[in-house]
Amino acid sequence: MKFIEQNIQGVWVIEPSVFSDDRGYFMESFRQSEFEKFVGKTNFIQDNESKSSRGVLRGLHYQTGEHAQAKLVRVVQGSVLDVAVDIRKSSPTFGKYVAVELTAENKKQLFVPRGFAHGFVVLSDIAIFTYKIDNIYAPNHEASIIWSDPTIAIDWGISEDEILLSGKDKTGKLLTEAILFE
Ligand SMILES: Cc1cn([C@H]2C[C@H](O)[C@@H](COP(=O)(O)OP(=O)(O)O[C@H]3O[C@H](C)C(=O)[C@H](O)[C@H]3O)O2)c(=O)[nH]c1=O
């Protein structure tokens, strides 16, 4: 299992070791001791899964204040471009983002720390997205930043007319209006 810190401190790409044979493959998708050696103490308490079709963009989401969530995300079918945006006002990388293609083939995972907005866009016909979070779902403390925020200027890798959004995501706030982290 390889841990590669990204160009924003605290954001990690994890590449599990895959053992293939004539039956298929085996891999450890998560080992707490290894994870904590690189990323630090994290207590994941909830697993989520979503299925989406090509062009669906879920994000940019986060939970505010003490309800903030760290996420360990991966794709088990298809492929997505996954994006984590630093929205901590005091961070030297405030407003900067990491974008990584996560696919069922490359088996890459992305660790998104608390203090980040997170989202992904589906690049394959179907994508099944599964992830661990370290703080319980708090619907009254959810917030969204619009996917097309001009200050962040994310290159999603697909044309705007292909993007499918929920009603909530169509009304995400600009970074300049959003509730941020210290
Ligand atoms: C997130 C969540 C949702 N729900 C229910 C609430 C709605 O009835 C339904 C769909 O929720 P939503 O449209 O917010 O799902 P996503 O757009 O996939 O939201 C997620 O998308 C991006 C990628 C994220 O990083 C967050 O984990 C999360 O915000 O599931 C729950 O019951 N528990 C939960 O933890």
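Each residue is numbered by its place in its chain's sequence as written, counting from 1. Given that the model is predicted, a residue must reach a pLDDT of at least 70 before its local features are reported, and side-chain atom pairs must reach 80 or more before they are shown or counted; all residues, however, enter totals for whole chains, interfaces and linings. The side-chain figures draw on all heavy atoms in the structure; neither hydrogens nor water molecules are used.

**Student:** Please clarify how the nonpolar core should be interpreted in this entry.
**Tutor:** If you look at the biggest cluster of nonpolar residues, it comprises 21 residues, and the most contacted ones within it are L60, Y62, V85, I87, I145 and W156. Labels follow the DSSP assignment, with helices taken as runs of H or I lasting at least four residues and strands as runs of E lasting at least two, numbered in each case from the N terminus. Elements supplying a minimum of two residues to this core: β6 (57-63), β8 (79-86) and β11 (116-122). Nonpolar core, defined: a set of buried Ala, Val, Leu, Ile, Met, Phe, Trp, Tyr and Cys residues in which side-chain atoms within 4.5 Å join the residues together. Burial classes follow relative accessibility: with a 1.4 Å probe on protein chains only, a residue under 20% of its type's maximum area counts as buried, one over 50% as exposed, and anything between as partly exposed. The next biggest cluster of nonpolar side chains, apart from the first, holds 20 residues, and it includes F116, F120, A127 and I133.

**Student:** What's the story with the pattern of salt bridges in this structure? I'm lost.
**Tutor:** Where side chains of opposite charge bring their charged atoms close, a pairing between them can arise. Any carboxyl oxygen of Asp or Glu within 4 Å of a side-chain nitrogen of Lys or Arg constitutes a salt bridge here. Counted according to the given criterion, the structure contains 11 salt bridges. E28 serves as the salt-bridge partner of R31, at 2.6 Å between the closest nitrogen and oxygen. In this structure, E34 engages K37 in a salt bridge whose closest nitrogen and oxygen atoms are separated by 3.0 Å. On the criterion of helical spacing, the pair formed by E34 and K37 is a turn pair, its members being 3 residues apart in helix α1 (residues 32-38).

**Student:** What exactly am I supposed to notice about the site of the ligand here?
**Tutor:** Whether a residue is near a molecule or strand depends on its heavy atoms: it is near if one of them lies within 4 Å of it. Every residue near the ligand is listed here: Q46, N48, R58, H61, K71, H118, F120, Y131, Y137, E142 and K168. A distance of 2.7 Å is found between an oxygen atom of the ligand and a side-chain nitrogen or oxygen belonging to H61. The accessible surface values rely on the Shrake-Rupley method and a 1.4 Å probe; as for residues, cover is taken only from the protein chains in view. Expressed as a share of its isolated accessible area of 650 Å², the protein-covered part of the ligand is 65%. Listed by contribution, the elements that provide at least two residues to the shell around the ligand are β5 (46-53), β6 and β11. Distance and chemistry together define a polar contact, namely a pair of N or O atoms within 3.5 Å, with one atom able to donate a hydrogen and the other to accept it when in protein, and with adjacent residues in sequence counting only for side-chain atoms on both sides.

**Student:** Can you walk me through the UniProt feature "active site" (unreviewed entry) in the protein chain in this structure?
**Tutor:** Mapped onto this numbering, the UniProt entry gives "active site" (unreviewed entry) at H61 and Y131. These annotated residues cover 71 residues of sequence, and their C-alpha atoms lie no more than 13.9 Å from one another, placing them together at a single site. The subset of these annotated residues that lines the largest pocket comprises H61 and Y131. Within the fold, H61 resides in strand β6. Here a residue-residue contact requires only that any non-hydrogen atoms of the pair lie within 4.5 Å. Once you skip the residues sitting within four places of it in the chain, H61 turns out to touch K71, F116, A117, H118, A143, S144, K168 and D169. Secondary-structure assignment places Y131 in strand β12 (residues 126-133). UniProt positions are given in the numbering used here, feature names are shortened, and annotations may be inferred rather than shown by experiment. Buriedness of a pocket was judged along seven lines, with at least five required to meet protein on both sides within 12 Å; pockets are open sets of points on a 1 Å grid over the protein atoms alone, cavities are sets where a 1.4 Å probe fits but cannot get out, and lining residues have an atom within 4 Å of a point.

**Student:** How do you make sense of the sheet that holds strand β2 (residues 12-15) when you look at a structure like this?
**Tutor:** As a general point, the strands of a sheet are linked pairwise by backbone hydrogen bonds and lie either parallel or antiparallel. Here, strands pair whenever DSSP counts at least two bridges between them. Pairing is antiparallel in the open sheet, where 6 strands are placed in the order β1-β2-β10-β7-β12-β5. Edge positions in the sheet fall to β1 (2-5) and β5, since each of these pairs with one other strand and no more. Each neighbouring strand pair of the sheet contributes to a mean axis angle of 25 degrees, computed without reference to strand direction. Where strand β7 (residues 71-77) and strand β10 (residues 109-112) come together, 4 bridges link them in antiparallel fashion. In the strand pairing of β10, L72 is matched with F111. Axis definition: a line fitted to C-alpha atoms, limited for helices to the stretch in contact. Angles are taken between N-to-C directions and run from 0 to 180 degrees.

**Student:** Got a minute to help me understand empty space enclosed by the protein in this structure?
**Tutor:** Grid points are joined across faces, edges and corners, and a volume is the space filled by probe spheres set on the points. Considering all chains together, one arrives at 1 cavity of 30 Å³ or more under this definition. One number sums up the size of the largest cavity: a volume of about 40 Å³. What lines the largest cavity is M1, F3, I14, S29, F30, R31, F35, L72 and Q109. Looking at the lining of the largest cavity residue by residue, the class counts come to 6 nonpolar, 2 polar and 1 charged. In this classification, Asp, Glu, Lys and Arg are treated as charged, Ala, Val, Leu, Ile, Met, Phe, Trp, Tyr, Cys and Pro as nonpolar, and every other residue, Gly included, as polar.

**Student:** Can you walk me through the layout of surface pockets in this structure?
**Tutor:** Over the atoms, a rolled probe matching the size of one water molecule traces out where space is still vacant. A volume near 450 Å³ is recorded for the largest pocket. The wall of the largest pocket is formed by 25 residues, among which R58, H61, Y131, E142 and K168 lie closest to the centre. When residues in the lining of the largest pocket are grouped by element, the largest group, 5 residues, is from β6. By residue class, the composition of the lining of the largest pocket is 10 nonpolar, 9 polar and 6 charged.

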